[in-house]
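# Fold and geometry: a report
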Amino acid sequence: MNLHLNKIGIVVGRFNSEITDRLLQGALDELKLAGIDIKQITVVKVPGAVEIPLTAKFLAKTKQYAGIICLGAVIQGDTDHHIYVNEQVSLGCQQVMLECDLPVIFGILTTHNEEQAWQRVGGSHGHKGRDAAATALEMIEILRAIENGTINS
Ligand code: INI
């Protein structure tokens, strides 16, 4: 990881966009609260969760980003489709994180229904967009501290 990188990438799925727009807003609010300038943030919208890992990898390969936040909403339907989507996106994000050596945060909701999703974008179960952004910032700090030898010092 390059210590001088200060950009954050956000990749967000448009599928279930009422929910993912909320995830995005929460992530942006959290980053702003932490003092991140909007000019440091790149937001890329993609069709759905399946497209998120490849897009995150392309951002990572530019070597401009200290971390990438992946946001999406996979809501269970009448078929098994969500299982295949969830599997691809979760393993894909992990693969990009480990191959590209930077935090790739899994801010993908995987819910049984729409109500559970709403509960997680500012309802009774918190805000997973805000949480994903906070996790990205924490991981960037942790990895920087390990790299420069200041962890636990
Ligand atoms: N994509 C999502 O982000 N959420 C979903 O709930 C979803 N479901 O259930 O179908 C979904 N499907 C689309 C998928 O991500 C791809 O865009 C599509 O398969 C084309 O590759």
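All values derive from a computational prediction rather than experimental measurement.

## Digging into the packing of helix α2 (residues 52–61) against helix α3 (residues 81–100)
Relative orientation of the contacting elements α2 and α3 amounts to 15 degrees, with a least axis distance of 8 Å. Looking at the two axes, α2 sits roughly parallel to α3. Seen from above, α2 lies across α3 with right-handed handedness. Contacts from I52, P53, A56, K57 and A60 in α2 reach Q88, V89, G92, C93, V96, E99 and C100 in α3.

## A look at the packing of aromatic side chains
Evaluated as defined, the whole model comprises zero aromatic pairs. Just above the ring of F58 sits the side chain of K61; from NZ or CZ to the centre is 5.0 Å.

## With respect to the site of the ligand
Near the ligand, the surroundings consist of F15, N16, G48, A49, V50, E51, A73, V74, I75 and H81. Separating an oxygen atom of the ligand from a side-chain N or O atom of E51 is a distance of 2.6 Å. For the ligand, a nitrogen atom lies 2.7 Å from a polar atom in the backbone of A73. Coverage of the ligand by the protein chains reaches 75% of its 460 Å² of free accessible surface. For the shell around the ligand, the leading source of residues is strand β3 (residues 65–75), giving three residues. In the shell around the ligand, the residues fall into six nonpolar, three polar and one charged.

## Looking at the pattern of salt bridges
Counted under the stated rule, the structure contains six salt bridges. For the salt bridge of K45 with D21, the shortest nitrogen-to-oxygen distance reads 3.7 Å. On the criterion of sequence distance, the pair formed by K45 in strand β2 (residues 41–46) and D21 in helix α1 (residues 17–33) is long-range, its members being 24 residues apart. D21 sits in the partly exposed class, given a relative accessible area of 40%. Between R144 and E141 there is a salt bridge, with its nearest N and O atoms 4.0 Å apart. Of this pair, R144 and E141 both sit in helix α5 (residues 128–148), three residues apart, roughly one helical turn. Looking at R144, the relative accessible area reads 19%, which means it is buried.

What counts and what doesn't
Residues numbered from 1 in each chain as written. Predicted model: local features only at pLDDT ≥ 70, side-chain atom pairs only at ≥ 80, totals over all residues. Heavy atoms only, no water. Axes fitted to C-alpha atoms, helices over the stretch in contact; angles between N-to-C directions. Helix = DSSP H or I, 4+ residues; strand = E, 2+ residues; numbered from the N terminus. Parallel < 35°, antiparallel > 145°, perpendicular 65-115°, else oblique. Left-handed = near helix turned anticlockwise from the far one by under 90°. Contact = heavy atoms within 4.5 Å. Phe/Tyr/Trp six-rings, centres within 6.5 Å; stacked < 30°, edge-to-face > 60°. Lys NZ or Arg CZ within 6 Å of the ring centre and 35° of its normal. Near = heavy atom within 4 Å. Polar contact = N/O pair within 3.5 Å; in protein donor to acceptor, adjacent residues only side chain to side chain. Areas by Shrake-Rupley, 256 points an atom, 1.4 Å probe, with all protein chains shown as cover. Nonpolar A, V, L, I, M, F, W, Y, C, P; charged D, E, K, R; others polar. Salt bridge = Lys/Arg side-chain N within 4 Å of Asp/Glu carboxyl O. Buried < 20%, exposed > 50% of the residue type's maximum accessible area, 1.4 Å probe, protein only.

Taken by themselves, the reported measurements are silent on function.
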